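Below are the chains, spelled out letter by letter.
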Amino acid sequence: MSIRMIRHLRTAATKILASFLALSAIAAFGDKPMEFLYDTREAASLKPYTYKADGPYLLHLFSVPQDNAVGTNDLNNVITLFTFQKDRLQSKEYFRNTIGSLSGGGQYLPEPLSDHSIGFAQTRRFIIFDFNTKKAEEHTITTSIDRNILHVGIANIDKKQYFFEIESDNPKSEDYNDITRTLWLMDLNSKPPHLIKKMEKAKGSVWSIFKDQLFFCDFKNIELKVYNSNLGPSHHPVMDVLNKNKGNVDFVDVIPHPSLPFAVLSGGENGAMYICWNQVFRDERPQNLFKNNETLKYSFSPDGRWLVFQKTDPEPERSFIMPVSEKYPYYLGSPILLEGATFDRDNFAWTNNPVCLVGSFGNKLYRYDLTKEGHPEAAGYPSYWDYVVDQDLEKLRKAGKQGLKPKP
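Residues numbered from 1 in each chain as written. Predicted model: local features only at pLDDT ≥ 70, side-chain atom pairs only at ≥ 80, totals over all residues. Heavy atoms only, no water.

1. Things to note about the overall build of the protein chain
The helix and strand inventory of the protein chain stands at four helices and 29 strands. By the burial criterion, 51% of the 408 residues in the protein chain qualify as buried. Here the analysis covers contacts within the protein chain between residues at least 6 apart in sequence; of these, 48% occur between residues at least 24 apart. (Helix = DSSP H or I, 4+ residues; strand = E, 2+ residues; numbered from the N terminus. Buried < 20%, exposed > 50% of the residue type's maximum accessible area, 1.4 Å probe, protein only. Contact = heavy atoms within 4.5 Å.)

2. Some thoughts on the environment of Leu-224
Residue placement: Leu-224 occurs in strand E18 (residues 223–227). On the basis of relative accessible area, Leu-224 is assigned to the buried category, the value being 8%. Here the alpha-carbon distance between Leu-224 and Leu-242, two residues 18 residues apart in the chain, equals 8.0 Å. Not counting chain neighbours up to four residues away, the residues in contact with Leu-224 comprise Phe-215, Phe-216, Cys-217, Val-238, Met-239, Leu-242 and Phe-251.

3. Some points on the environment of Ser-383
By the secondary structure assignment, Ser-383 is in the loop between strand E29 (364–368) and helix H4 (384–399). Among the residues examined, Ser-383 registers a relative accessible area of 14% and is labelled buried. In this structure Ser-383 touches Arg-305, Lys-372 and Ala-378, once residues within four positions along its chain are discounted.

4. Some thoughts on unusual backbone geometry
The step from Lys-191 to Pro-192 runs through a cis peptide bond, and the omega angle for that step is -5 degrees. Take Pro-192: it is sitting in the loop between strand E14 (179–187) and strand E15 (194–200). Across the junction of Asn-353 and Pro-354, the peptide omega takes the value 5 degrees, indicating a cis bond. Residue placement: Pro-354 occurs in the loop between strand E27 (348–350) and strand E28 (357–361).

5. Things to note about H4
Spanning 16 residues, H4 covers 23 Å between terminal C-alpha atoms, matching the ideal 22 Å at 1.5 Å per step. In this structure, the buried side of H4 is in contact with strand E2 (44–46), strand E24 (306–313), strand E25 (318–323) and strand E26 (336–338). Following H4 by one or two positions, Gly-400 adopts a phi angle in the positive range, close to 65 degrees. (Expected span 1.5 Å × (residues − 1).)

6. A word on the sheet that holds E26
Ordered by their spatial adjacency, five strands build an open sheet running E2-E26-E25-E24-E23, and the pairing between neighbours is mixed. In this open sheet, the two strands that pair with only one neighbour each are E2 and strand E23 (294–300). Strand-to-strand, the axes of this sheet are offset by a mean angle of 30 degrees, without reference to chain direction. Relative to E24, E23 is paired through five bridges, and the arrangement is antiparallel. (Pairing = 2+ DSSP bridges. Axes fitted to C-alpha atoms, helices over the stretch in contact; angles between N-to-C directions.)

7. Things to note about the confidence of the model for the protein chain
For the protein chain, per-residue confidence averages 88 on the pLDDT scale, and 90% of positions sit at 70 or higher. The model gives residues 1–33 a pLDDT under 50, and that stretch makes 33 contacts with residues more than four places away or in other chains. (pLDDT = per-residue confidence, 0-100.)

8. A short note on the sheet that holds E28
Sheet strands pair by backbone hydrogen bonding; their relative direction is either parallel or antiparallel. On the basis of which strands lie adjacent, the open sheet formed by four strands has the order E3-E29-E28-E27 and antiparallel pairing. A single partner strand is all that each edge strand has here, and the edge strands are strand E3 (49–52) and E27. Neighbouring strand axes in the sheet, compared pairwise and without regard to direction, differ in orientation by 20 degrees on average. Taken together, the three bridges between E27 and E28 define a ladder with antiparallel strand orientation. Opposite Ala-349, over in E28, you have Val-358 as the bridge partner.

9. What to know about the nonpolar core
The biggest cluster of nonpolar side chains holds 25 residues, and the ones touching the most others in it are Trp-306, Trp-350 and Tyr-384. Mapped by element, the contributors of at least two residues to this core are E24, E26, E27, E29 and H4. Broken down by element, the residue count for this core peaks at seven residues, all from H4. Counting residues in hydrophobic clusters, the runner-up holds 22 residues, among them Phe-262, Leu-307, Tyr-331 and Leu-337. (Core = buried A, V, L, I, M, F, W, Y, C linked by side-chain atoms within 4.5 Å.)

10. Side note on the pairing of E15
Alignment of E14 against E15, held across six bridges, turns out to be antiparallel. When the bridges of E15 are listed, Asp-187 appears paired with His-194. Between the end of E14 and the start of E15, which pair antiparallel, lie six residues.

11. Brief notes about the environment of Asp-392
Examined against the element boundaries, Asp-392 turns out to sit in helix H4. Taking C-alpha positions, Asp-392 is 9.5 Å from Tyr-328, a pair spaced 64 residues apart along the chain. Setting aside residues up to four positions removed in sequence, Asp-392 forms contacts with Pro-323, Tyr-328, Gly-333 and Ser-334.

12. Some words on the side chain of Ser-63
Here Ser-63 is to be found in strand E4 (residues 62–63). With relative accessibility at 9%, the residue Ser-63 sits in the buried group.

13. Looking at the pattern of salt bridges
Counting across every chain of the model gives 12 salt bridges. The partner of Arg-96 in a salt bridge is Glu-93, and the shortest N-O contact between them spans 2.7 Å. Its relative accessible area of 37% is what places Glu-93 among the partly exposed residues. Of the charged contacts in the structure, one is a salt bridge between Glu-138 and Arg-125, with a shortest N-O distance of 3.0 Å. A residue pair is termed long-range when its members are at least 10 positions apart, and Glu-138 in strand E11 (residues 135–140) and Arg-125 in strand E10 (residues 125–130) qualify at 13 residues. Exposure remark for Glu-138: the relative accessible area of 32% places this residue in the partly exposed category. (Salt bridge = Lys/Arg side-chain N within 4 Å of Asp/Glu carboxyl O.)

14. Some remarks on helix H3 (residues 237–244)
Along H3, the residues that are buried comprise Val-238, Met-239, Val-241 and Leu-242. Down the axis of H3, the buried set is contained in an arc of 165 degrees. They therefore lie on one face. Of the residues in H3, the exposed ones pointing more than 90 degrees away from the buried face are Asn-243 and Lys-244. (Arc of directions from axis to C-beta.)

So this is what it looks like as structure tokens:
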């Protein structure tokens, strides 16, 4: 179920409560409502390199351990790696005739399993691909035709333990909505895999993995629960900020930065929000990121220097990227429009060494170069990221935004 559908399913009573809480927030924070930090209408833009891509109109893409590359399993029943050299695209096929059918999309992980392997789930199985041995390892997670894998995450990579969200149909019911969803913690060292523990997934919740913790977002009750890799209760400092601001925040998903003490709250009734924790000279109150914009699908780059997201309202849908730096009052810089197309979650991926963004749309691949070599205007700066942050801060100072003042 999409986040947009989820939000439309919320009851009128919940909306009334949300409005009441918003008024309470204004009262709590003073006469002025919270400031909107950014406006996508004022965004600069970034042009992509564009490449012709054979196959489906939209290619599924995922990150791979090779330099300057992304992968797909949508072409010729193999794993295809695309490697980029400025305006040239090279492709190479792997794992042909190793494990049967590979095409048809899948449930992808946000990053490779190691410096030589990747993995993804399909229907009722999970497959690990080792580029060093050139072998594929198939694990049957469930054999029942009434069950499917909806989502997968890493619990403990060293122990080969993974989380699988399993959707189960009731074979005795004629109601297609008569389903249950359960989180399984599986050990893949044995065949068949060993079920370590399972936990029922409540309706109105989404989950994700942050480092070695599982974030369970109950968007009906606006509550975050955190578990360790064994599905035992755990704690993260973002929980303290959410509890402190109970009634003033609304979210479907919580996306923490990989190293800095802040997170983006996505999918709430009032749009995306920013929160931070353990900051001496930073405002810990929630901040609305954008005014009159519905933004979703937030994702940090592997190096933590960039945040990409999709704007879905008002139309047209567009994708944006924001720089991340400790130099900003709220860690996030002004949004930059990604020209050319917009990308759903499984239709874009980050490259490593260098870190760039690649998206698929309309039989084309769009690569957004985030390196100094791709931007002559960044000459004299250590990196393109340093250039963007410096220029953006100067713009924000001149405009007097976010409490910044022009340099004397």
